[in-house]
Amino acid sequence: MSLPAEAVPPDPTVDAAAYRRAVGHFASGVTVCTSRVGGTDHAMTASAFTSVSLDPLLVLVCVDKEARFRDAVLESGTWAVSILPSTDRRAADWFAMKGRPLIGQMDRFPHHRGVTGAPLLDSAVAWLECRTQAVYDGGDHDIVLGAVLAAVEGDRDGVPLVHHRGRYGRFA
Ligand SMILES: Cc1cc2nc3c(=O)[nH]c(=O)nc-3n(C[C@H](O)[C@H](O)[C@H](O)COP(=O)(O)O)c2cc1C
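The structure displayed is predicted, hence computed values, not measured ones.

Cut-off values and rules
- Along each chain, residues carry numbers from 1 onward, in the same order as the chain's sequence is written.
- For a predicted model such as this one, the threshold for reporting local features is a pLDDT of at least 70, and the threshold for listing and counting side-chain atom pairs is 80 or more; totals across whole chains, interfaces and linings nevertheless cover every residue.
- In computing side-chain values, all of the structure's heavy atoms are included and hydrogens and water are not.
- Helix and strand definitions follow DSSP, with helices as H or I runs of at least four residues and strands as E runs of at least two, each counted in order from the N terminus.
- Between buried and exposed lies partly exposed: a residue is buried under 20% and exposed over 50% of the maximum accessible area for its type, with that area taken using a 1.4 Å probe on protein chains only.
- Under this definition, polar contacts are N or O atom pairs within 3.5 Å; protein pairs additionally need one hydrogen-donor-capable and one acceptor-capable atom, and for neighbouring residues in sequence, both atoms have to be side-chain atoms.
- Throughout, a contact is declared for two residues whenever any of their heavy atoms are within 4.5 Å.
- Salt bridge, as used here, is a side-chain nitrogen of Lys or Arg placed within 4 Å of a carboxyl oxygen of Asp or Glu.
- By convention, a stacked pair of Phe, Tyr or Trp rings (six-membered ring in the case of Trp) has centres within 6.5 Å and planes under 30 degrees apart, an edge-to-face pair has planes over 60 apart, and any other such pair is tilted.
- The rule is short: NZ of Lys or CZ of Arg within 6 Å of the ring centre and within 35 degrees of the ring normal puts a charge over the ring.
- Any two strands with at least two DSSP-identified bridges between them are counted as paired.
- For this purpose, a residue is taken to be near a molecule or strand whenever a single non-hydrogen atom of the residue falls within 4 Å of it.
- Per-residue and other accessible areas were derived by the Shrake-Rupley procedure at a 1.4 Å probe size, with only the shown protein chains allowed to occlude residues.

Let us now look at the side chain of T34. Tracing the sequence through the fold places T34 in strand β2 (residues 31-37). Residue classification places T34 among the buried residues on the basis of a relative accessible area of 0%. For T34, the side chain forms a polar contact with the main-chain oxygen of P119, separated by 2.7 Å. The residues touching T34, leaving out its near neighbours within four places in the chain, are H42, A43, F69, W79, A80, A118 and P119.

For the structure on display, the rule yields six salt bridges. Between R70 and D71 there is a salt bridge, and its shortest N-O distance comes to 3.9 Å. In this structure D71 comes out as partly exposed when scored by relative accessible area, which is 48%. Each of R36, D41 and R113 takes part in one network of salt bridges that share partners.

This structure, assessed with the given rule, holds one aromatic pair. Look at F95 and F109: their rings are 5.1 Å apart centre to centre, the planes differ by 50°, and that puts the pair in the tilted class. Of the two residues, F95 sits in the loop between α3 (89-94) and β7 (111-113) while F109 sits in the loop between α3 and β7, which places them 14 residues apart along the sequence. For F95, a relative accessible area of 1% translates into the label buried. R108 extends its terminal NZ or CZ atom over the ring of W94, reaching a point 3.9 Å from the ring centre.

On to the sheet that holds strand β11 (residues 162-164). With respect to topology, three strands assemble into an open sheet ordered β1-β11-β12, the strand pairing being antiparallel. Edge positions in the open sheet fall to β1 (28-29) and β12 (167-169), since each of these has one partner strand only. Direction of pairing for β1 relative to β11: antiparallel, over a ladder of two bridges. From the neighbouring strand, G29 faces β11, where its bridge partner is V162.

As a structural note, the neighbourhood of the ligand is formed by 18 residues, with T45, C62, D64, R68 and F95 the closest of them. Contact distances for the ligand include 2.8 Å between an oxygen atom and a backbone N or O atom of A48. Note that an oxygen atom of the ligand is positioned 3.3 Å from one of the side-chain N or O atoms of R100. Starting from 640 Å² of accessible surface for the ligand in isolation, the protein chains cover 84%.

Laid out in structure tokens, this is it:
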């Protein structure tokens, strides 16, 4: 017999460190999410990106409420996702660096623009562009649900960057 959800007591051994260790075993890809607001490009490395629905086409990204990208993506209402290749750890590190200058942050990374005007990294294995459909409270993150406006595959043999237990890797 199972207990109703509200009757299941929280495990007192679960703290943030235990959670991080456990959830770190869930390997993910790495994206750079971008958005353009008033002529300024905003960007953020994000691995909390998920395909949600095929009909309609929906994806989500979880955005830290403290990240500068959060205000930008909420204001803009449109955003883009570049799925990084294993060869572009440099982009993952740069767009995760807190407080890096906003102006010129894209300069060292060749990019192009699609329907949303947000930058798409040329190096990516695939690109998506989205219009925000809903924003849900997710604790210290916002869950930004996006309707997919464009989806483009890059090099079909491109190898994605993988993030696992705090480290980058690639498929062997
Ligand atoms: C591999 C990796 C994955 C990350 N994934 C996310 C994510 O999914 N959501 C998020 O809000 N921050 C994520 N971050 C952290 C943000 O990239 C970082 O806090 C942000 O870019 C800081 O920039 P800011 O100073 O402009 O706020 C990730 C960082 C790394 C290195």
